[in-house]
Amino acid sequence: MKDKVLLFINGDAPKSLPNPENYGLIACTDGAFHYLKRMGFPLDKLDFISGDFDSHSGSDEDMYQEKFILTLDQDKTDFHKALEIIIEKGFSDIDVFGGSGGEQDHFLGNLSVAYTFKDRMSLRFYDEFSEYYFIPKNVILKGVKNKMISLYPFPSADNITTKGLNWPLTKGNLSITTRIGTRNFAVEEEVSVEYESGDLLIFVGINEIEYPSIY
């Protein structure tokens, strides 16, 4: 996994921290720096801290200033600017923590940024409930029986066929204005999803569920 990047951004802090030894590059935005410090993350493992530093207190963090990358472009989010730096450093496989929670416009903004970069890098988000990411036109998930599986069109996806889900689709269409595919769950250990056009986000629950529910 040394070719992978670990990136922390300024949503809700993760409940537990991944092992930094599994990554070749570790970075955070300036707001995420504070929760990493609070949680006891080894800050010396950070390769860079980026942002406009509007969330930076500047008190006892001077020892890490050589790792700061100031990005002042207000037309882009700190997440967007961090991904640009990561691309410049030659990485394209990123695990993102802190992408959800907090103010929901930030969460939606993070999804929009991920959509912008989806053809240039592999981005996978993690939070306390699920992992989620844009999927290619054909994907197989393994070891997911009894886990929540949600398909979210961005903004639409056509001719979707799924296998291994409680409510399968056969050449179905999803759109945020008509029908979405959230709160489904896997009835098999292996789930397949394929579609012909559009874009799909998939959310895979972290834990198995005892009583499947839908909103």
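On a predicted model such as this, the values are computed, not experimentally measured, just so you know.

What counts, and at which threshold
Residues numbered from 1 in each chain as written. Predicted model: local features only at pLDDT ≥ 70, side-chain atom pairs only at ≥ 80, totals over all residues. Heavy atoms only, no water. Core = buried A, V, L, I, M, F, W, Y, C linked by side-chain atoms within 4.5 Å. Buried < 20%, exposed > 50% of the residue type's maximum accessible area, 1.4 Å probe, protein only. Helix = DSSP H or I, 4+ residues; strand = E, 2+ residues; numbered from the N terminus. Contact = heavy atoms within 4.5 Å. Salt bridge = Lys/Arg side-chain N within 4 Å of Asp/Glu carboxyl O. Axes fitted to C-alpha atoms, helices over the stretch in contact; angles between N-to-C directions. Parallel < 35°, antiparallel > 145°, perpendicular 65-115°, else oblique. Left-handed = near helix turned anticlockwise from the far one by under 90°. Nonpolar A, V, L, I, M, F, W, Y, C, P; charged D, E, K, R; others polar.

### As for the nonpolar core
Of all hydrophobic cores here, the largest spans 27 residues; its most connected members are Leu 7, Phe 79, Leu 83, Ile 86, Ile 94, Val 96 and Leu 123. Of all the elements in the fold, those that place two or more residues in this core are strand E1 (4-8), strand E2 (25-29), helix H2 (78-88), strand E5 (93-97), helix H3 (104-117), strand E6 (122-126), strand E7 (130-135) and strand E13 (197-208). Non-local contacts of Leu 83, meaning those with residues more than four positions away in its chain, are made with Leu 7, Val 113, Phe 117, Met 121 and Leu 123. Of all hydrophobic cores here, the second largest spans 19 residues; its members include Ile 135, Val 144, Ile 149 and Leu 165.

### A closer look at the environment of Gly 31
You can see Gly 31 is positioned in helix H1 (residues 30-39). Judged by its relative accessible area of 6%, Gly 31 is buried.

### Quick notes on the pattern of salt bridges
In this structure the tally under the stated criterion is nine salt bridges. As a salt-bridge pair, Lys 171 and Glu 196 come within 3.1 Å of each other at their nearest N and O atoms. Taken together, the positions of Lys 171 in the loop between strand E9 (147-163) and strand E10 (172-175) and Glu 196 in the loop between strand E12 (190-194) and E13 put the pair 25 residues apart, joining distant regions of the chain. You can call Lys 171 partly exposed: its relative accessible area is 47%. Three or more residues joined by partner-sharing salt bridges are found here, namely Lys 4, Asp 93 and Asp 95.

### A few points about unusual backbone geometry
Along the chain, Phe 154 connects to Pro 155 via a cis peptide bond; the corresponding omega equals -5°. Tracing the backbone shows Pro 155 in strand E9. If you check the backbone angles, Lys 171 has positive phi at about 55° while not being a glycine. With a phi angle near 65°, Arg 183 is a residue other than glycine that sits in the positive phi range. With respect to the secondary-structure elements, Arg 183 resides in strand E11 (residues 181-185).

### As for the packing of H2 against H3
Remark: H2 packs on H3, axes separated minimally by 10 Å, with the N-to-C direction vectors making an angle of 30°. Between H2 and H3, the crossing angle belongs to the class labelled roughly parallel. The handedness of the crossing between H2 and H3 is right-handed. The residues of H3 that touch H2, namely those facing Phe 79, His 80, Leu 83, Glu 84 and Ile 87, are Asn 110, Val 113, Ala 114, Thr 116 and Phe 117. Of the residues contributing to the contact of H2 with H3, the split by class is six nonpolar, three polar and one charged.

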